[in-house]
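Below are the chains, spelled out letter by letter.
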Amino acid sequence: MTSSVPRLVVAAPSSGSGKTTVATGLMAAFAARGLAVSPHKVGPDYIDPGYHALATGRTGRNLDAYLCGPELIAPLFLHGARGCDLAVVEGVMGLYDGAAGQGELASTAQVAKLLRAPVVLVVDASSQSRSVAALVHGFASWDPRVRLGGVILNKVGSDRHEELLREALESSGVPVLGVLRRVPQVDTPSRHLGLVPVAERRAEALEAVAAMAAQVERGCDLDALSRLASGAGSLPDAVWEPPVGSAGKRAVVAVAGGPAFTFSYAEHTELLTAAGAEVVTFDPLRDERLPEGTAGLVIGGGFPEVYAAELSANAPLREAVARLARSGAPVAAECAGLLYLCRELDGRPMCGVLDATARMSERLTLGYRDAVAVGDSALAVAGTRMRGHEFHRTVVEPGAGAAPAWGITAPARRVEGFVQRGVHASYLHTHWASEPGVARRFVERCRTS
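Residues numbered from 1 in each chain as written. Predicted model: local features only at pLDDT ≥ 70, side-chain atom pairs only at ≥ 80, totals over all residues. Heavy atoms only, no water.

Caption draft 1: Broad picture of the overall build of the protein chain. What the protein chain contains, in helices and strands, is 14 helices and 24 strands. In terms of overall size, the protein chain behaves like a compact globule, its C-alpha atoms giving a radius of gyration of 23 Å where 449 residues would be expected to give roughly 22 Å. Taking the principal axes of its C-alpha atoms as reference, the protein chain extends roughly 70 × 50 × 45 Å. Expressed as a percentage of the 449 residues in the protein chain, the buried residues total 58%. Restricting the contact set of the protein chain to residue pairs at least 6 apart, pairs at least 24 apart contribute 75%. With an accessible surface of roughly 17700 Å², the protein chain has 50% of that area assigned to carbon and sulfur atoms. (Helix = DSSP H or I, 4+ residues; strand = E, 2+ residues; numbered from the N terminus. Rg over C-alpha atoms; globule rule 2.2 N^0.38 Å. Buried < 20%, exposed > 50% of the residue type's maximum accessible area, 1.4 Å probe, protein only. Contact = heavy atoms within 4.5 Å. Areas by Shrake-Rupley, 256 points an atom, 1.4 Å probe, with all protein chains shown as cover.)

Caption draft 2: Spotlight on the sheet that holds strand β23 (residues 423-426). Pairing is mixed in the open sheet, where 6 strands are placed in the order β13-β12-β14-β15-β23-β22. Either end of the sheet is taken by a strand with one partner, and the two such strands are β13 (277-282) and β22 (418-420). Across the sheet, the axes of successive neighbouring strands diverge by a mean angle of 15°, strand direction being ignored. As paired strands, strand β15 (residues 331-334) and β23 are joined by 4 bridges and run parallel to one another. Opposite Ala-332, over in β23, you have His-424 as the bridge partner. Contacting β13, β14 (294-299), β15 and β23, helix α12 (residues 315-326) runs over the sheet at an angle of about 110° to β14. (Pairing = 2+ DSSP bridges. Axes fitted to C-alpha atoms, helices over the stretch in contact; angles between N-to-C directions.)

Caption draft 3: The nonpolar core, seen in detail. Formed by 114 residues in total, the largest nonpolar core has its most connected members in Phe-77, Leu-115, Leu-153, Leu-225, Leu-272, Trp-432 and Phe-442. Top element by residues in this core is helix α1 (residues 19-32). It accounts for 7 residues. Phe-442 has contacts with Val-253, Leu-272, Gly-296, Leu-297, Val-298, Pro-330, Val-331, Ala-332, Ala-378 and Leu-379, leaving out every residue within four places of it along the chain. Core analysis: the next-biggest nonpolar cluster, separate from the first, contains 40 residues, Ala-260, Leu-290, Tyr-307 and Val-321 among them. (Core = buried A, V, L, I, M, F, W, Y, C linked by side-chain atoms within 4.5 Å.)

Caption draft 4: Molecular detail of the packing of aromatic side chains. Applying the stated criterion to the full structure yields 7 aromatic pairs. Taking 4.9 Å as the distance between ring centres and 5° as the angle between the ring planes, the aromatic pair formed by Tyr-46 and Phe-263 counts as stacked. Taken together, the positions of Tyr-46 in the loop between β3 (37-42) and α2 (48-56) and Phe-263 in the loop between β12 (251-256) and α10 (266-275) put the pair 217 residues apart, joining distant regions of the chain. For the pair shown, Tyr-46 and Phe-263 are each scored as buried. With 4.6 Å between their ring centres and 25° between their planes, Tyr-46 and Tyr-265 make a pair best called stacked. Taken together, the positions of Tyr-46 in the loop between β3 and α2 and Tyr-265 in the loop between β12 and α10 put the pair 219 residues apart, joining distant regions of the chain. Residues Tyr-46 and Tyr-265 agree in their burial class; the two are buried. Through a chain of ring-to-ring contacts, the aromatic side chains of Tyr-46, Phe-263, Tyr-265 and Phe-303 assemble into a single cluster. We note Arg-387 situated over the ring of Tyr-66; from NZ or CZ to the ring centre the distance is 4.1 Å. (Phe/Tyr/Trp six-rings, centres within 6.5 Å; stacked < 30°, edge-to-face > 60°. Lys NZ or Arg CZ within 6 Å of the ring centre and 35° of its normal.)

Caption draft 5: Quick peek at the state of the cysteines. Inspection of every chain in the model, using the stated rule, returns 0 disulfides. Unpaired in this structure, Cys-342 has its nearest cysteine sulfur neighbour in Cys-351, at a distance of 9.5 Å. (Disulfide = S-S within 2.5 Å.)

Caption draft 6: Just the environment of Ala-99, in detail. Structurally, the position occupied by Ala-99 is in the loop between β5 (86-90) and α5 (108-115). Ala-99 gets classed as buried once you look at its relative accessible area, which sits at 5%. The sequence separation of Ala-99 and Gly-367 amounts to 268 residues, and the corresponding C-alpha distance is 8.1 Å. If we skip the residues at most four places from it in the chain, Ala-99 touches Tyr-66, Leu-105, Ala-106 and Tyr-368.

Caption draft 7: Geometry of the UniProt feature "active site" (unreviewed entry) in the protein chain. Mapped onto this numbering, the UniProt entry gives "active site" (unreviewed entry) at Cys-335. By secondary structure assignment, the location of Cys-335 is in the loop between β15 and α13 (336-341). Cys-335 gets classed as buried once you look at its relative accessible area, which sits at 6%. Look past the residues within four positions of Cys-335 in its chain and what remains in contact with it is Phe-391, His-392, Ser-426, Tyr-427 and His-429. (UniProt positions renumbered as here; feature names shortened; annotations may be inferred.)

Caption draft 8: Focus on the environment of Leu-180. In this fold, Leu-180 is placed in strand β8 (residues 176-181). Residue classification places Leu-180 among the buried positions, given a relative accessible area of 1%. Along the primary structure Leu-180 and Val-415 are separated by 235 residues, whereas in three dimensions their C-alpha atoms are 48 Å apart.

Caption draft 9: A look at unusual backbone geometry. Here Glu-397 and Pro-398 are connected by a cis peptide whose omega angle stands at -5°. Assignment of secondary structure puts Pro-398 in the loop between β19 (385-397) and β20 (406-410). The omega torsion of the bond from Ala-410 to Pro-411 falls at 10°, within 30 degrees of zero and hence cis. Structurally, Pro-411 is set in the loop between β20 and β21 (414-416). The backbone of Arg-116 shows a phi angle near 50°, a positive value even though the residue is not glycine.

Caption draft 10: Quick look at the packing of α2 against helix α8 (residues 202-219). Taken N-terminus to C-terminus, the directions of α2 and α8 make an angle of 70°; their axes are 10 Å apart at the nearest point. It follows that α2 is roughly perpendicular to α8 by the angle criterion. Between α2 and α8 lies a crossing of right-handed hand. Contacts between α2 and α8 involve Tyr-51, Leu-54 and Ala-55 on the former and, on the latter, Arg-202, Ala-205, Leu-206 and Val-209. (Parallel < 35°, antiparallel > 145°, perpendicular 65-115°, else oblique. Left-handed = near helix turned anticlockwise from the far one by under 90°.)

Caption draft 11: Broad picture of the sheet that holds β8. Here 7 strands make up an open sheet; going across it, the order is β4-β3-β5-β2-β6-β7-β8 and the pairing parallel. Every interior strand has two partners, whereas the edge strands, β4 (61-63) and β8, have only one. Neighbour-to-neighbour, the strand axes of this sheet turn through a mean angle of 25°, independent of strand direction. As paired strands, strand β7 (residues 148-156) and β8 are joined by 4 bridges and run parallel to one another. Note that in β8 the partner of Ile-152 across the bridge is Gly-178.

Rendered as C-alpha cells:
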C-alpha cells in the first residue's frame, strides 16, 4: 500500500531568507481555507513548531534524519500527517546544508527526497535582479533528484523590481509562485537561542502568525501551491506507531512544561503513554507540588536561565523534586532540566539534586553528537547508542559526574552528564523515536521504583 498526502517543502538558499514567515504563513492561510494542515520542521529546532501549531491547530513535529535516521523520516511524517488534507514542511538553513562533514545527511534536500516532495524555494531578492535566475538555476540543477517546483520571491521592492525578477526567471523553467513585498518585519523577537517561544508570548505570537498569513495570502498563488503539493510522489504506507508496553497499572510521569521548559518532541509523550504512563504536565514556575502520585519525572529543554529567579523562588517544588530524586524514582533531564537539577544557576539555588553549578556563558555550544550510554540508567542499558544535539549558552561545572550519562564518540571523545540513583541528566537532546526502548525502560522503572 502507499500513501499520498499532498505536501510541500519550503526551503531557501540560506538562513534569513524568510522560510519561517512563508512556511508559517502558508500553514495558516491553508488552514483558513478549511484544510487540515500538518506542520513539520526539518532538524532539531523546538521553537518554530510552536508557531506552526498556532497556525494550524495541530502539533508541530520535527523531521531529523540525523537524530532518527533517514529510514524513519517518511514513517514519522505519515504519523503526524494522518488524516490531513495537506502538509507543509519548513526546511532548515540552506536547502543543501546538513550535518557538518556528513554530506547531505539531515539537510532539507535529503528530507525532501525521502518524502518525495516538491520544494518551494524562498529567495531574498532585496539586492538582486537578473542574478536571481543564476541562483535559482544553480539550486534547481545541483541535485536532479530534488524537485524544485517553484520560487517565492521575498523582500521585493517595487513593481519594476518584480518585473525584472520575473523576466529573468522566465527561461529558468521554475515558476514564480509568489512575490512578497518588502514590509516591516513581522514581530517575532529573538534572543540568545533563536525566536522567543510561543509559550512566553502567546497573544503576540497569534498576532504575528495572523500577519504572516495575511502577507502570504496577498502575495502567493495558493491554488498553484496546492496543485504542486498534490503532485507529490506516493510514500510507502509504513506509518510510525509508538510501541505498546506491557499491561499493568499506569505510572504517573510528570513532565515539566510552562514558559521555562518548552523544548520537547511530541513523540516523547506518545511513547511514554504507549509504554504505560499517565503523562501529567506541570509548570515549575507556578506549581508548588508535583502531580499526585508522581512515579517519574521528565524535565526537557527550555530557558531556565531566563526564569532563574522565579524557579529559585519556588522552593516547595524544588524540595519536592529533590525528595523524588533521593527516593530513587526515575528522573530524565535534558539541557534545561540538567540546569534545574544543579545546586545553583547563575548564583540562584536550584534543586540541588546534582553536585554541580550552572552559569550563563558567552559561548554557544551547538551541534550534533554521537553518544553511547556509559553505564546502566533509568533510560538505557550500558552500550546503547543514540544520536543527539547540543544547543546552549550555559556551562555546568563539573561537566560529568562520577557516573557519566554519555560517552560522546563524535565529533570529539569525552564523557558528559550525570547518572545517580534514578537520575539521568545531560545536555544532550535526543529523539526517543530512534530508540523506543528508552521510553519503555523509563516507564517500567517508574512502575517498580
